[in-house]
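Next come the chains, spelled out residue by residue.
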Amino acid sequence: MLEVRGIRAGYGSMEVLRGIDIDVAPGEIIAVLGANGAGKSTLNNVLSGVIPAGSGRVMLDGADITGGRPTAIVEAGLIHVPEGRRVFPNLNVEKNLLLGGYRRGKANRAANMAHVYEIFPRLAERRRQFAGTLSGGEQQMLAIGRGMMAEPKLLILDEPSLGLSPKLVEEMFTLIARLAGEGLSILLVEQNVAQSLEIAARAYVLENGEVAMQGLPGDLLARDDLRKSYLGV
Amino acid sequence: MDFLGLPSYSWETVLGSAISGVFLGSVYALVALGLTLIYGVLHIINFAHGAMLMLAMYAVFFLWSALGIDPYLALLIVVPAGFVFGYALQRGVIGRFSHGRDEITLLVTLGIAIMIENGALFAFSATERQVQVPYDFDGIDFGVTFAVWPEIAALAGSLVVTLALWLFMTRTDMGHAIQAVAKERRGAELVGIDVEHIYGVTFGIGAACVAVAACLLAPTYAVSPQFGYLFVLIAFTVVVLGGMGSFVGALVGGFLIGITEQLGRLYLGESLGLITISAIFILVLLFRPTGLFGQASG
Ligand SMILES: Nc1ncnc2c1ncn2[C@@H]1O[C@H](COP(=O)(O)OP(=O)(O)O)[C@@H](O)[C@H]1O
Ligand SMILES: [Mg+2]
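Treat the numbers as computed from the prediction; the structure is a model and nothing was measured.

**Concerning the site of ligand 1**
Residues and elements named next belong to chain A.
(1) Moving on: Taken together, the neighbourhood of ligand 1 is formed by Tyr 11, Met 14, Val 16, Ala 35, Asn 36, Gly 37, Ala 38, Gly 39, Lys 40, Ser 41 and Thr 42.
(2) Moving on: A distance of 2.5 Å separates an oxygen atom of ligand 1 from a polar side-chain atom of Thr 42.
(3) Moving on: When ligand 1 sits alone it has 560 Å² of accessible area, and the protein chains cover 60% of it.
(4) Moving on: Of all elements in the fold, only β2 (14-24) and α1 (40-47) reach the threshold of two or more residues within the shell around ligand 1.

Here you go:
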């Protein structure tokens, strides 16, 4: 589904990503883990065309989307739900969702919206409420729902559990697993290592803009260096 | 009886003055509507707004003098042309040179204003020109005052444009996208909104509003290269007074300023009358810093 090869990128003369390779197969949750500043969000922004890649290649579903503008990449079906949610605070929940289908999935907006409301009943209750007045958890649901409105082939979730209460974090991970169960391919970018590894098919650990470890959750959990650095045991 | 030495007038005179203020205010509202869209939504302080109004007035004038096209019929030509001009100006010049930095945008629009004004002075000279229409002395007698058709058309136009803009912004995808870009640019990019295109469209609509204003103003106002100044100064006042980015605010603010100006003229005379505009401006902002219809969160 997604094939990332040798991506290098940065800000000005500062290189942040030093050659990243990642693969996601259809219907899989692939976790990208790493501490603050490892370059996870930079990678997401390169994949969605917000930041240009210095070199490397990105293939989505067999199509080369390297260097595409964000509009073209959304059109191709790679949808990025950004860190910090970035919902439209001055629009209500329903209009936020409608805009999720602005570029892609326009024909099925009504059905897609019904689906989002079914998955997130709280959004349905608040459909006329301005997004700026939602709680952090509700905004995260809205951001994901908005992403789903575009009928993604691949959904990138950047730290969806950030700032949520432990109970909501639990709920969020269950939900992400459910979305993948429905056939969605998900690139789950997280600092929450333990819970991400529970639902991921495979994981990559980024350190200093490089893939430091990768593999199956069980194999990674068995490694002392991972446990020491990311689980504190 | 004298109050503070002001002259006293019959209620008919005062009401007549207020009604003519509504008509004058609708003209201000027309100019302010485009400005509030560009200023309030895109946060661009468009110093070229007056110059664009002047240019559109010349377009209306020459369509009339060279081709005999009535100013109201000219709406069909000048409004689409205004949109295209605004779109091209934003994408080709303002967006390209300001790199999203407000202080540069300010200077760029100022530079455009100076260029358009001097270009007009060079091409058209300082002579005032005015469209002559056969119906500018007919109208409706309200008893206390008489309104000519061009005034009534301006009032109707300001109401229609306000309603159209409001419907566009709240009912269409493009309108929602404009609001999304205004507050959350990155989020807008990530749903596939072409942000640069939206900037162009928004500016284009602002320019189209200016074009509507020009067609409705042409029968009553003569145009010269300095024409835009007074209107835009007042239109900026109207925008801030009504609340930045609010169309209803621009309309109500326009009426308020128009009525204030006319009453000021009545009581204080032609030369002092405009002072009342500043007075009402300061007064409103004292009690409502975000303007009449402004939202608290910028
Ligand atoms: N807009 C930016 N300009 C300059 N440097 C940035 C910018 N965004 C992130 N960085 C830097 O890039 C590095 C990686 O950041 P980021 O990709 O946000 O990491 P993560 O998402 O893993 O926390 C950090 O050193 C950060 O300071
Ligand atoms: Mg990050």
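**Observations concerning the domain arrangement of chain A**
One frequent convention defines the size of an interface as the accessible area lost when the parts assemble.
Residues and elements named next belong to chain A.
(1) Moving on: Its domain assignment divides chain A into domain 1 (2-77 + 152-231) and domain 2 (87-151).
(2) Moving on: For domain 1 and domain 2, the distance between their C-alpha centres works out to 23 Å.
(3) Moving on: Buried surface at the junction of domain 1 and domain 2, both sides included, amounts to about 1,400 Å², of which 69% is carbon and sulfur.
(4) Moving on: It is Glu 75, Pro 152 and Arg 178 in domain 1 that bury the most area against domain 2; as a group they hold 30% of the surface buried on that side.
(5) Moving on: Across the pair Glu 118 and Arg 178 runs a salt bridge, and its minimum N-O distance is 3.2 Å.

**Topic: the coordination of the magnesium ion (ligand 2)**
When a metal carries six donors in an octahedron, the ideal angles between them are 90 or 180 degrees, while four donors in a tetrahedron ideally lie at 109.5 degrees.
Residues and elements named next belong to chain A.
(1) Moving on: Protein coordination at the magnesium ion (ligand 2) comes from Ser 41 (OG) and Glu 83 (OE), with a distance range of 2.0 to 2.1 Å. Of this pair, Ser 41 sits in helix α1 while Glu 83 sits in the loop between β6 (78-81) and α3 (93-100), and the two are 42 residues apart along the sequence.
(2) Moving on: For Ser 41, a relative accessible area of 22% translates into the label partly exposed.

**Here's the deal with the sheet that holds β6(A)**
Residue and element names in this part refer to chain A.
(1) Moving on: Strand order in the open sheet formed by six strands is β6-β7-β8-β3-β9-β10, and the pairing between neighbours is mixed. Looking at the sheet topology across the chains shown, the edges are occupied by β6 and β10 (210-215). The mean angle between the axes of side-by-side strands here comes to 20°, regardless of whether they run parallel or antiparallel.
(2) Moving on: Pairing geometry for strand β9 (residues 202-207) and β10, over five bridges, is antiparallel. Counterpart to Glu 207 in the pairing with β10 is Glu 210.
(3) Moving on: Each of β6 and β7 (154-158) touches helix α6 (residues 136-148); the most contacted strand, β6, lies at about 170° to it.
(4) Moving on: Relative to the sheet, helix α7 (residues 166-181) contacts β3 (29-33), β7 and β8 (185-190), its axis offset from that of β8 by approximately 155°.

**Comments concerning the packing of aromatic side chains**
Centre distance and the angle of the planes are the two values used to describe a pair of aromatic rings.
(1) Moving on: Within this structure, the stated rule accounts for 15 aromatic pairs over all chains.
(2) Moving on: When the ring of Tyr72(B) is compared with that of Tyr135(B), the centres are 6.0 Å apart and the planes differ by 35°; the resulting orientation is tilted. Taken together, the residues span a long stretch of sequence, with Tyr72(B) in the loop between α2 (49-67) and α3 (75-98) and Tyr135(B) in the loop between α4 (102-124) and β1 (139-141) at a distance of 63 residues.
(3) Moving on: Within the aromatic cluster, the residues linked to one another by ring pairs are Tyr58(B), Phe61(B), Phe62(B), Trp64(B) and Phe124(B).
(4) Moving on: The positively charged end of Arg146(A) is found above the aromatic ring belonging to Phe88(A), 4.7 Å away from the centroid.

**Brief notes about the interface of chain B and chain A**
(1) Moving on: Counting from both sides, the interface comprises 19 residues of chain B and, opposite them, 23 residues of chain A.
(2) Moving on: The contact between chain B and chain A buries some 2,000 Å² in all, and 61% of this surface belongs to carbon and sulfur atoms.
(3) Moving on: It is Asp173(B), Leu190(B) and Val191(B) in chain B that bury the most area against chain A; as a group they hold 33% of the surface buried on that side.
(4) Moving on: The tally of links between chain B and chain A comes to four salt bridges.
(5) Moving on: Here Asp194(B) ties to Arg69(A) by a salt bridge, and the two come within 3.2 Å at their closest N and O atoms.

**Notes on a nonpolar patch on the surface**
(1) Moving on: Taken together, Phe47(B), Leu107(B), Leu110(B) and Ile114(B) make up a surface patch of nonpolar side chains, about 360 Å² in accessible area.
(2) Moving on: With a relative accessible area of 35%, Leu110(B) lands in the partly exposed category.

**Description of unusual backbone geometry**
(1) Moving on: The phi angle at Asn208(A) is positive, at roughly 50°, despite the residue not being glycine.
(2) Moving on: One can find Asn208(A) in the loop between β9 and β10.
(3) Moving on: In the Ramachandran plot, Ser125(B) falls in the positive-phi region, its phi being about 65° despite a non-glycine side chain.
(4) Moving on: Along the chain, the position of Ser125(B) falls in the loop between α4 and β1.
(5) Moving on: A residue is classified by how much of its surface remains accessible, and Ser125(B), at 29% relative accessible area, is partly exposed.

**Section: the pattern of salt bridges**
Oppositely charged side chains may form a pair once their charged atoms are brought near each other.
Residue and element names in this part refer to chain A.
(1) Moving on: One pass over the structure, following the stated rule, counts 21 salt bridges over all chains.
(2) Moving on: The salt bridge involving Arg 126 is made with Glu 138; its shortest N-O contact spans 3.0 Å. Linking Arg 126 in the loop between α5 (121-125) and α6 with Glu 138 in helix α6, this pair joins segments that are 12 residues apart in sequence.
(3) Moving on: It is possible to trace a salt-bridge network through shared partners that takes in Arg 122, Glu 125, Arg 126 and Glu 138.

**What about helix α1 (residues 11-42) of chain B?**
All names here are of chain B.
(1) Moving on: Under the 1.5 Å per step criterion, the end-to-end length of α1 is 43 Å for 32 residues, consistent within 8% with the ideal 46 Å.
(2) Moving on: When the local axis directions of α1 are compared, the greatest deviation, roughly 30°, occurs at Ala 32.
(3) Moving on: In the segment just after α1, His 43 is the residue with positive phi, at about 60°.

**Concerning the nonpolar core**
(1) Moving on: Formed by 87 residues in total, the largest nonpolar core has its most connected members in Leu53(B) and Ile193(B).
(2) Moving on: Residues contacting Ile193(B), with those up to four places away along its chain left out, are Thr71(A), Leu99(A), Tyr102(A), Arg103(A), Ala177(B), Ala180(B), Val181(B), Ala188(B) and Ile198(B).
(3) Moving on: Ranked by size, the runner-up nonpolar core spans 46 residues in total, among them Ile29(A), Ala143(A), Met172(A) and Ala203(A).

Each value, and the rule that gives it
- Residues numbered from 1 in each chain as written.
- Chains lettered and ligands numbered in written order.
- Predicted model: local features only at pLDDT ≥ 70, side-chain atom pairs only at ≥ 80, totals over all residues.
- Heavy atoms only, no water.
- Near = heavy atom within 4 Å.
- Polar contact = N/O pair within 3.5 Å; in protein donor to acceptor, adjacent residues only side chain to side chain.
- Areas by Shrake-Rupley, 256 points an atom, 1.4 Å probe, with all protein chains shown as cover.
- Helix = DSSP H or I, 4+ residues; strand = E, 2+ residues; numbered from the N terminus.
- Domains from an automatic or database assignment.
- Buried area = accessible area lost by both parts, 1.4 Å probe.
- Salt bridge = Lys/Arg side-chain N within 4 Å of Asp/Glu carboxyl O.
- Donors = N, O, S within 2.8 Å, 3.2 Å for Na, K, Ca; no water.
- Buried < 20%, exposed > 50% of the residue type's maximum accessible area, 1.4 Å probe, protein only.
- Pairing = 2+ DSSP bridges.
- Axes fitted to C-alpha atoms, helices over the stretch in contact; angles between N-to-C directions.
- Contact = heavy atoms within 4.5 Å.
- Phe/Tyr/Trp six-rings, centres within 6.5 Å; stacked < 30°, edge-to-face > 60°.
- Lys NZ or Arg CZ within 6 Å of the ring centre and 35° of its normal.
- Patch = residues over 30% accessible without salt bridge, like charges linked within 9 Å, V, L, I, M, F, W, Y side chains within 5 Å.
- Expected span 1.5 Å × (residues − 1).
- Bend = angle between axes of the 7 residues up to and from the residue.
- Core = buried A, V, L, I, M, F, W, Y, C linked by side-chain atoms within 4.5 Å.

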